[in-house]
Structure formats: C-alpha cells, structure tokens
Amino acid sequence: LKTLALEAVPDGFAAVRFHNLFSFAREIHDEAADPAFTLLPDDLVSRHLLRAILRRHFPKEPYLSRAGDYPGPLLAAIHELKAGAVDPDRAIQAIAEEELGLEEAPKLSEILSLYKRFAEELRRRKLHERSDVVRLAAERADRSAAVGRLAHAIYYGFYELDQNQTLLLERVRARVPVTVFIPHRKREGFGYAG
C-alpha cells in the first residue's frame, strides 16, 4: 500500500498511518486502558490459568476432565467465543431452553461454563488477553482520539470479520468515512463477499 500510495501521489503524502487490525485496535485500547489491568502479550499465562481452572473446577466433568493437560484447543475455542462476542450466560440459558438443540448440549454447557469461569478469573486478576483488545477498542471507538484524528479509514486484506471486528468497523464508520476493500472472485470460496 505504501508503494501504491507513492505511485499514485508521486509528490508525496503525509499523515498516513498503516496498521494491521490488532495494532489499530491496540492504539484505541491503549488510549483509555485501565492501568490496573495487565495486557498479556501471549497465551502462556492464559494456558496455565485455564489448566488450573480445569483441574480445580472441572475434574469430574465428562468432557473437560480429559483436557486439563492440553488446554490449547480449549483456549482457542474460548478466543473464538470472545471474538464472536458470545455472552456465556445467554448461551447457557439458550442451551437450557433447548434453543441450540440437544445433540451437543452437554459438551457446549461444559465449554460455556469454562468460558464464563475463565472470563471471570481474568477480570478478578485484572488481566486482558490479545483477544480482548479488539472488543475493548470497539467499545471505546466512539470517543477515541485516534479515530477522531482520521480523515478517512481504509479496511483491506481480510477474509472475514468476527463480531468484535465488525463492531469496531461500525463504530469507526460512524465517526469517519470508511472504504472497505473485500476480495472477490467469481469462485465458490468468495461467496461471502457478496
């Protein structure tokens, strides 16, 4: 993009910022970050915390009791739930009311209970993970100085936007003009672009 911009404006350009989605969200997040919270740079602490929660609170559960030594896939599932802005209480209620079907209800209940306990433990310990940054940025974008300084935002280079990323895009779009480039080819794999 930098090369294309220089070719399009050969006399130069100024005040252009290039971010990946995380660095953009991080800039917004850091403006109003609660100093009492620590942002974890990787999953090391999260994996250990999840392992401890599994051993302490889920040792007799039919599915989760087998995952204590290998929490990585469960942590990935929790990050997907966070990215999708899933409210664990509402999801557990939907399972109880049989809105999500019965076939996988026991497994889903355990995973959602783990997700809820993990989120509560992060809050109690005043920890944020990378997966929290986009959500927090979306919540703060409507009053962010970084967003307010933009004359125009260009989103490109993604193949999907999760719920928190979509919310961030919507909040940015409410404040400044936004152009979104979505890759599209007339092939089955690009059907989402429609």
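Note: the structure precedes this text.
Keep in mind it's a predicted model, so treat the numbers as computed, not measured. (Residues numbered from 1 in each chain as written. Predicted model: local features only at pLDDT ≥ 70, side-chain atom pairs only at ≥ 80, totals over all residues. Heavy atoms only, no water.)

**Overview of the overall build of the chain**
Piece 1. In terms of regular secondary structure, the chain is built from nine helices and four strands.
Piece 2. When its C-alpha atoms are laid out on the principal axes, the chain stretches across 70 × 45 × 30 Å.
Piece 3. Within the chain, counting contacts between residues at least 6 apart in sequence, those at least 24 apart form 74% of the total.
Piece 4. Counting only carbon and sulfur atoms, one obtains 52% of the accessible surface of the chain, whose full area is about 12,600 Å². (Helix = DSSP H or I, 4+ residues; strand = E, 2+ residues; numbered from the N terminus. Contact = heavy atoms within 4.5 Å. Areas by Shrake-Rupley, 256 points an atom, 1.4 Å probe, with all protein chains shown as cover.)

**A short note on the packing of helix α2 (residues 21-31) against helix α9 (residues 163-173)**
Piece 1. Where α2 meets α9, the closest approach of the two axes is 12 Å, and the angle between their N-to-C directions is 60°. The orientation of α2 with respect to α9, classified from their angle, is oblique. For the element pair α2 and α9, the recorded crossing hand is left-handed. Contact residues: α2 offers Leu21, Phe24, Ala25 and Ile28, while α9 offers Gln165, Leu168 and Val172.
Piece 2. Per-class residue counts for the contact of α2 with α9 are six nonpolar, one polar and no charged. (Axes fitted to C-alpha atoms, helices over the stretch in contact; angles between N-to-C directions. Parallel < 35°, antiparallel > 145°, perpendicular 65-115°, else oblique. Left-handed = near helix turned anticlockwise from the far one by under 90°. Nonpolar A, V, L, I, M, F, W, Y, C, P; charged D, E, K, R; others polar.)

**Quick word on the pattern of salt bridges**
Piece 1. Inspection of every chain in the model, using the stated rule, returns twelve salt bridges.
Piece 2. A salt bridge links Lys116 to Asp89; its shortest N-O distance comes to 2.7 Å. With Lys116 in helix α6 (residues 105-124) and Asp89 in helix α5 (residues 88-96), this pair connects stretches of sequence that are 27 residues apart.
Piece 3. For Lys116, a relative accessible area of 27% corresponds to the partly exposed category.
Piece 4. Look at Asp89 and you get partly exposed, because its relative accessible area is 41%.
Piece 5. Shared partners join several salt bridges into a network, and the residues in it are Lys82, Glu129, Asp132, Arg135 and Glu139. (Salt bridge = Lys/Arg side-chain N within 4 Å of Asp/Glu carboxyl O. Buried < 20%, exposed > 50% of the residue type's maximum accessible area, 1.4 Å probe, protein only.)

**With respect to α9**
Piece 1. Turning to α9, its buried residues are Asn164, Gln165, Leu168, Leu169 and Val172. Each buried residue of α9 sits inside an arc of 140° when the element is viewed along its axis, so together they form one side.
Piece 2. Looking at the buried positions of α9, the neighbouring elements they touch are α2, α4 (72-83), α7 (130-140), α8 (145-148), β3 (153-155) and β4 (178-180).
Piece 3. Between a side-chain oxygen at the N-terminus of α9 and the backbone nitrogen of Asn164 the separation is 3.1 Å; the capping residue is Asp162. (Arc of directions from axis to C-beta. Polar contact = N/O pair within 3.5 Å; in protein donor to acceptor, adjacent residues only side chain to side chain.)

**Some details on the packing of α5 against α6**
Piece 1. Across the interface, α5 lies against α6 with an axial gap of 9 Å and an inter-helix angle of 160°. With respect to their mutual orientation, α5 and α6 come out roughly antiparallel. Our pair here, α5 against α6, has a crossing hand that is left-handed. Contacts from Pro88, Asp89, Ala91, Ile92 and Ile95 in α5 reach Ala105, Leu108, Ser109, Leu112, Ser113, Tyr115 and Lys116 in α6.
Piece 2. Tallied by class, the residues present in the contact of α5 with α6 amount to eight nonpolar, two polar and two charged.

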